[in-house]
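This is what each chain is made of:
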Amino acid sequence: MKDIVAIYPGSFDPVTNGHLDLIHRGSKLFDRLIVAIARNMDKAEPLFEMDERKEMLEAMTSELDNVTVDIFGGLLVTYCIQKNANAVLRGIRAVSDYEFELQMALMNRKMEPRVETVFMMPAEKYSYLSSRIVREIAKLGGPLGGLVPEMVEERVRRKIEQSQSYPTGAHRKGRTNP
Ligand code: PNS
């Protein structure tokens, strides 16, 4: 039997119940699943540092024996080869996700034909959920119940409070300016 190692890549800023739903599904399908947080994304200012995202993901997946969490930089396909992974797992929530996911999957396959992309659907109740929408609701003081685990909700709230007390972003780790 083949040992199937899959990488579930993403920004996870922060991890949502939709991500966790997919991780549980993936852990049943693959022999090993590596949840890989992508470094250096050219996205707007992130809410959480990489190690904070890793910590939350680790806490939320600790009961899954075949799941590990890692941080990667550079091309996803290069990371897959380094990890001897044969598959990339991505979630598709709605038709609107499909175009971007198709482009990414086909480009990854062109660069590295040994790695297959596998799409899975999260539970319907998470089909409207994204980290971006969680960040936006939290910033505007809306409810996060059912969207993220309680521990993540607390950390999001604390982070937003900090950023509102230091609106310049000076609270962020690694910043030396006041
Ligand atoms: O959670 P996201 O933001 O949808 O995840 C996107 C991610 C991290 C999977 C994608 O941007 C990625 O694979 N980045 C790594 C760099 C890379 O390989 N880029 C080429 C993709 S074709």
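First, a word on scope: everything that follows refers to the structure included in this document. Predicted model, so just to flag it, every value in this text is computed and none were measured.

Let us look at the pattern of salt bridges. Tallied over the full model, the rule gives 13 salt bridges. Arg135 is paired through a salt bridge with Asp13; the nearest N and O atoms lie 3.9 Å apart. Residue Arg135 is found in helix H5 (residues 131–139), and its partner Asp13 is found in the loop between strand S1 (5–10) and helix H1 (17–29); the two are separated by 122 residues along the sequence. Take Arg135 and Asp13: they sit in the same class, and that class is buried. We note a salt bridge from Lys159 to Glu52, for which the minimum N-O separation is 3.1 Å. Taken together, the positions of Lys159 in helix H6 (residues 150–165) and Glu52 in helix H2 (residues 50–61) put the pair 107 residues apart, joining distant regions of the chain. Accessibility classification places Lys159 together with Glu52 in one group, the buried group. Taken together, the shared-partner salt bridges connect Asp13, Arg53 and Arg135 into one network.

With that out of the way, let us pick up unusual backbone geometry. The residue after Asp13, namely Pro14, is reached through a cis peptide bond having omega 5 degrees. As for its placement among the helices and strands, Pro14 is situated in the loop between S1 and H1. One non-glycine residue, Phe12, lies in positive phi territory at about 50 degrees. Its place among the elements puts Phe12 in the loop between S1 and H1. Judged by its relative accessible area of 2%, Phe12 falls in the buried class. Of note, Asn84 is a non-glycine position whose phi angle comes to about 55 degrees, a positive value. Counting through the fold element by element, Asn84 comes out in the loop between helix H3 (76–82) and strand S4 (87–91). Residue Asn84 is classed as exposed on the basis of its relative accessible area, which comes to 61%.

What follows is about the packing of H5 against H6. Interhelical geometry of H5 versus H6 gives an angle of 60 degrees and a closest axis separation of 10 Å. In this view, H5 runs oblique relative to H6, as classed from their interaxial angle. Note that H5 runs across H6; the crossing there is right-handed. Contacts from Arg135, Ala138 and Lys139 of H5 reach H6 at Val156, Arg157, Ile160 and Gln164. Of the residues in the contact of H5 with H6, the class split is three nonpolar, one polar and three charged.

So, about the packing of aromatic side chains. Per the counting criterion, the structure on display carries two aromatic pairs. An angle of 80 degrees between the planes, with centres 5.3 Å apart, marks the rings of Tyr8 and Phe12 as edge-to-face. Phe12 carries the same exposure label as Tyr8, and that label is buried.

The next subject is the sheet that holds S1. An order of S3-S2-S1-S4-S5 is seen for the five strands of this open sheet, with the pairing classed as parallel. Every other strand in the sheet has two partners, leaving strand S3 (67–72) and strand S5 (116–120) as the edge strands with one partner each. Looking at each pair of strands side by side, their axes are set apart by 30 degrees on average, direction ignored. As judged from the six bridges shared by strand S2 (residues 32–38) and S3, these two strands associate in the parallel manner. Counterpart to Ile37 in the pairing with S3 is Ile71. Lying on the sheet, H2 is in contact with S2 and S3; it crosses S3 at an angle near 170 degrees.

Definitions and limits used
- Residues numbered from 1 in each chain as written.
- Predicted model: local features only at pLDDT ≥ 70, side-chain atom pairs only at ≥ 80, totals over all residues.
- Heavy atoms only, no water.
- Salt bridge = Lys/Arg side-chain N within 4 Å of Asp/Glu carboxyl O.
- Helix = DSSP H or I, 4+ residues; strand = E, 2+ residues; numbered from the N terminus.
- Buried < 20%, exposed > 50% of the residue type's maximum accessible area, 1.4 Å probe, protein only.
- Axes fitted to C-alpha atoms, helices over the stretch in contact; angles between N-to-C directions.
- Parallel < 35°, antiparallel > 145°, perpendicular 65-115°, else oblique.
- Left-handed = near helix turned anticlockwise from the far one by under 90°.
- Contact = heavy atoms within 4.5 Å.
- Nonpolar A, V, L, I, M, F, W, Y, C, P; charged D, E, K, R; others polar.
- Phe/Tyr/Trp six-rings, centres within 6.5 Å; stacked < 30°, edge-to-face > 60°.
- Pairing = 2+ DSSP bridges.

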